[in-house]
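# Overview (structure and organization)
Okay, here's what each chain looks like letter by letter:
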Amino acid sequence: MTFYRRKSTRWLASAVAGSVVAAGALALLPSAAQAQTGTAQSPGAQADFAAAAAKYDVPVSVLMGVTREESGWQAHPGYSDKGGYGLGNLTDVTTSMLVDGAAGAGGRSDLSALVNRPGMHTLRTASELTGIPAARLKSDRRANLEGTAALLASYQKSLTGGLSANPSEWTAAVARYSQVTDKKAATRYVDDVFGAIASGAQQQTAQGTLRLAADQDARPELSQLGELKLTSATATDGAECPATMDCTYAPVSVTGSNGQVSDRPANGIQIDRIVIHTAEGTFASALATLSAPGAVASAHYLMDTDGSTTQLMPVEDIAYAVGNYHYNLHSVSIEHAGFTAQGAQWYTDATYRQTAELVKYLAEQYDVPLDRQHILGHDNVPGSLDSNLAKQHWDPGTAWDWNRFMKLLGAPTATGPHGVGQVGSVVTIAPRFEKNTQSYTVCPADDPSGVTTACGEVAQASNSLFVRQAPAADAPLLLDPDVHPGLTAGTDQISDWSDRVQAGQQFVVADRQGDWTAIWYDGQEGWIYNPCGRNTVPTTGVTVIRAVGPDAAPLYGQAYPAASEYPAGLSPSRQVALTAPGYRIPVGQAYVVDQPAAAADDFFTSGAVVKGAQKYYQAQFNNRTIYVNAADVTATEAG
C-alpha cells in the first residue's frame, strides 16, 4: 500500500515505512531543547528573508509562504537526524538514517535506490547552486534561506523558462518544492502556500514579530501543475474524510484486542466525542504499532506532521484508544505523529488546519457538539476505575493550542471580554496561548523521543494554568492524592495533568482574592492566577450541577446500565462509583456540564446494545471530565 506525503522527507513513509519531522531554525518561543541547551538564534530573521529572496530573484512572499508551510517558521532542534534542516526543510537523508532510524531498512535490497532518490537530498542540490557548504546550510538561518531561494529559482527556470516578480507565476515551482507526486496533495500544498500569501501572516518569534505582507492578488495558477506530470492517487477510496484532504484508507484488522466491529450510530450508540491524541512516535512507528497483528490499541485516524492522514478503522467501529471503554464507545480518535513533551516541535500549521478540517467534517456527520467537553484531548479522558485513574495518558499536553484549534473549528474557546464574575458564576479558562508562558519540569521518562537526556525546567507557551492550594505564587500546587499518594502537593512535571486547567474548560467561581480566582476543582477549592480576569471569560448558558441532599454526589468513570437491565445471556458490566480520595462532588461545591444527561448504555461484540433508565452527565471535574448520575445532583442554568 502506498502512502502519499507532501514533503520529500515524508516520502520515507511511502518507500520504507519511515517518517520524519519538518525542521526549522526560527522558534515561536524558546523550544524545550533550546531552553535546556541555552541555544539562541541570531536576530534579523525578517532581513534574512528579504536578502535571500533578492539574491535569487524570488518574490519574498513566495519564499516566506513556502518556508511557513515547510516548518511553520519554527525551530525543531534535535530532529535533524531525520534528514530535514532549517526553515526550508532542506533534506539530506543518509543510509544510517534508514537503517538505524524509524524506517528500519537494514538488509533491504533496494536500500541504495532509496537513499539515492533526488528528493532525499535537496540540501546537496542547494549547496551546489549556492556554493555554500552543506554544514552551513544546515545550521545557519541566512544560508538555509538562500539555499531554499536558490532551489525555488532553479525549479522556476526549468519549469517556466524564466523568473518573475508575480507570485502566481511560481505555482509550479512551489509544487515542485513539496516533492510530492500526487495531484491532490500537490494542489493542497500550493493552496496552503498561496492562501498564506493572499491573507498575510504575522507570527511572534523569539526575536520579535515576523510578517508576511498580504497580497490579495496572489492566486495559484493551477494550470501550471500540468508541467509536473502528477499522478492521481486511488488509495483514498473508502476514506471517511473531507474531499479536500490527503487521506488514505488503510484499514487494520479489528480483532477484539484493538477494538470492536460495530454499527455506530445506526445501532443506537451515539458518537458524541472526538479525542485528539499524540502518538509518542513518528508516523511510521505509530503506523507500525497500530497495524501490528495482536495490537492492543488502535485509532480511527493517524495524521502526519504535514497533515496527510491515514484512516485505520471505520468510524462506525469502536477503537480502543482512550483507556476508558465507555469513552471509546462514544468517541472517534485522531492520533498525531509526535511526542507530547516536544509538542511545539510537532504540532505544525498543517496539523492544526487539517485536524480542524477533519473534526468539522466528523462533527457535522455525527452531530458532535463543538465544545471542550466533547472535543477532548486524551488527557481530558478519565480512567474507568479507581485502579487506572492516575494511569491515564497526558497527550496532547500543554503545548496543544486549544484556542487556535477551537477557533479553526468555528467554536472559539471563549467569546466576549475577559474577566471574572461573582462567586457562584461560571468562567471559561482562556489564557492567551502565545503570552501564557509556563515552566515545567521535563524528564527523560516524559519524552520517549530521546531529546531530553536529563530533567530540567522548560519554559514554553502553554494552554494551561496551574491550580494552587492558596492565592499566592509560592503556594503549593493542588494535590490529587490518588495521583500523588504520600505527597502534600502536586508537581510541575510536564506530564502531571492533575493540578492544571486548560483553555476552553469551564468551572464555577468559588472565591476571589486580589489577582487570584478560586474555582471548584477536583473536589477542592483551587486557585488560579487571574489578574484583572485576564485568564478567564465570564460564561452563561451552561448547566451547573450540585449534590442533592446532605451527602456528596458520587462520581463514575463509566456509565453502564444497572445489572438488572441486561437481558438474559448478556453479562452485565459493573457500574460502580469511584472511591479514590476526593472523587466526589462535596455538598456546597458546583461543577459545569455542557450537554443534557444521556442514558446509560453498553455494547457487546454480538451486536447487542443495552440501554439503561439512569441518565448521566459528563461534567468537567478537574483537568478531566467525569460521569455523574443525574439523580444525585440538581441542575441549574448558569446566569
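Read on for a plain summary of the structure. The structure displayed is predicted, hence computed values, not measured ones. (Residues numbered from 1 in each chain as written. Predicted model: local features only at pLDDT ≥ 70, side-chain atom pairs only at ≥ 80, totals over all residues. Heavy atoms only, no water.)

### Observations regarding the sheet that holds strand β18 (residues 506–513)
What counts, and what does not: Note: two strands are recorded as paired if DSSP finds a minimum of 2 bridges between them. Strands here mean DSSP runs of E at least two residues long; helices mean DSSP runs of H or I at least four residues long; both are numbered from the N terminus. Axis geometry follows a simple rule: fit a line to the C-alpha atoms, using only the stretch in contact for helices, then measure angles between N-to-C directions, giving values from 0 to 180 degrees.
Taken in spatial order, the five strands line up as β20-β19-β18-β13-β21 in an open sheet, and their pairing is antiparallel. On the outer flanks of this sheet lie β20 (524–529) and β21 (536–539), each paired with one strand and no other. Taken pair by pair, the neighbouring strands of this sheet meet at an average axis angle of 50°, ignoring direction. Bridge analysis of strand β13 (residues 426–429) against β18 gives three bridges, and the strand direction is antiparallel. Residue Thr428 lies in a different strand from β18, and its bridge partner there is Gln506.

### Remarks on unusual backbone geometry
What counts here: With a 1.4 Å probe rolled over the protein chains alone, any residue whose accessible area is under 20% of its type maximum counts as buried; one over 50% counts as exposed, and the rest are partly exposed.
The omega angle of the peptide bond from Arg264 to Pro265 is -10°, so this bond is cis rather than trans. Inspection of the secondary structure assignment puts Pro265 in the loop between β6 (259–260) and β7 (273–276). Despite not being glycine, Glu280 shows a phi value in the positive range, around 55°. The residue Glu280 is located in the loop between β7 and α12 (283–291) in this model. In this model, Cys532 sits at a positive phi of 55°, which is unusual for a non-glycine residue. Examined against the element boundaries, Cys532 turns out to sit in the loop between β20 and β21. The exposed category is assigned to Cys532, whose relative accessible area is 78%.

### Remarks on the sheet that holds strand β11 (residues 331–336)
What counts, and what does not: The criterion used for residue contact is that any of the two residues' heavy atoms lie within 4.5 Å.
Strand order in the open sheet formed by six strands is β5-β9-β8-β11-β7-β12, and the pairing between neighbours is mixed. One side of each edge strand has no neighbouring strand; the edge strands of this open sheet are β5 (247–249) and β12 (375–377). Taken over all neighbouring pairs, the strand axes of this sheet differ in orientation by 25° on average, direction set aside. Here strand β8 (residues 301–303) runs beside strand β9 (residues 309–311); their pairing, made up of three bridges, is antiparallel. Within β9, the residue paired with Leu302 across the bridge is Thr310. Its contacts with the sheet put α12 on β8, β9 and β11, and the angle it makes with β8 is roughly 165°. Contacting β7, β8, β11 and β12, helix α15 (residues 349–366) crosses the sheet at an angle of about 165° to β11.

### Structural notes on helix α10 (residues 171–178)
In terms of residue burial, α10 counts as a mostly covered element, since seven of its eight residues are buried. Residues of α10 that are buried: Thr171, Ala172, Ala173, Val174, Ala175, Tyr177 and Ser178. Residue Gln179 follows α10 closely and has a positive phi angle near 70°.

### Quick word on the side chain of Asp317
Rules: Just so you know, the count uses Lys and Arg for positive and Asp and Glu for negative, and it drops His and the chain ends. Salt bridges are defined by distance alone: a side-chain nitrogen of Lys or Arg within 4 Å of a carboxyl oxygen of Asp or Glu. For the purposes of these results, a polar contact is taken to be a pair of N or O atoms within 3.5 Å, where, inside protein, one atom must be able to donate a hydrogen and its partner to accept one; residues adjacent in sequence count only when each atom of the pair is a side-chain atom.
Counting through the fold element by element, Asp317 comes out in the loop between β9 and β10 (318–319). Nearest to the buried, unbridged Asp317 among oppositely charged side chains is Arg264, at 7.0 Å. A polar contact of 2.8 Å, which involves the side chain of Asp317, links it to the backbone nitrogen of Ser262. Not counting chain neighbours up to four residues away, the residues in contact with Asp317 comprise Val254, Gln260, Val261, Ser262, Arg264 and His300.

### A closer look at the packing of helix α9 (residues 141–160) against α10
A pair of packed helices is characterised by two quantities: the angle between their axes and the separation of those axes. Note the threshold: These descriptions rest on fixed angle ranges, namely under 35 degrees for roughly parallel, over 145 for roughly antiparallel, 65 to 115 for roughly perpendicular, and the rest for oblique. By convention, the crossing between two helices is left-handed when the near helix turns anticlockwise from the far helix through less than a right angle, and right-handed when the turn is clockwise. Residue polarity is assigned by list, with Asp, Glu, Lys and Arg as charged and Ala, Val, Leu, Ile, Met, Phe, Trp, Tyr, Cys and Pro as nonpolar; anything else, Gly included, falls into the polar class.
Running from N to C, α9 and α10 point in directions that differ by 120°, and their axes come no closer than 8 Å. Between α9 and α10, the angle falls in the class oblique. Once α9 is placed against α10, the crossing between them reads as right-handed. From α9, Thr148, Leu151, Leu152, Tyr155, Gln156 and Leu159 reach across to α10, where they touch Ala172, Ala173, Val174, Arg176 and Tyr177. Its residues placed into classes, the contact of α9 with α10 shows eight nonpolar, two polar and one charged.

### As for the nonpolar core
The condition is simple: Within this scheme, the nonpolar core is defined by two criteria: the residues are buried Ala, Val, Leu, Ile, Met, Phe, Trp, Tyr or Cys, and they are joined through side-chain atoms within 4.5 Å.
Ranked by size, the top nonpolar core spans 45 residues in total, and within it Val58 and Val174 carry the most contacts. Those residues in contact with Val174 that sit more than four places away from it in its chain are Val62, Val66, Leu152, Tyr189, Val190, Val193 and Phe194. Grouped together as the second largest cluster of nonpolar side chains are 40 residues, Leu389, Trp394, Ala580 and Phe621 included.

### So, α12
For clarity, the threshold we go by: When we speak of the arc, we mean the arc of directions from the helix axis to the C-beta atoms.
Of all the residues in α12, the buried ones are Phe283, Ala284, Ala286, Leu287 and Leu290. Looking straight down α12, one finds its buried side chains confined to an arc of 165°; they lie on one side.

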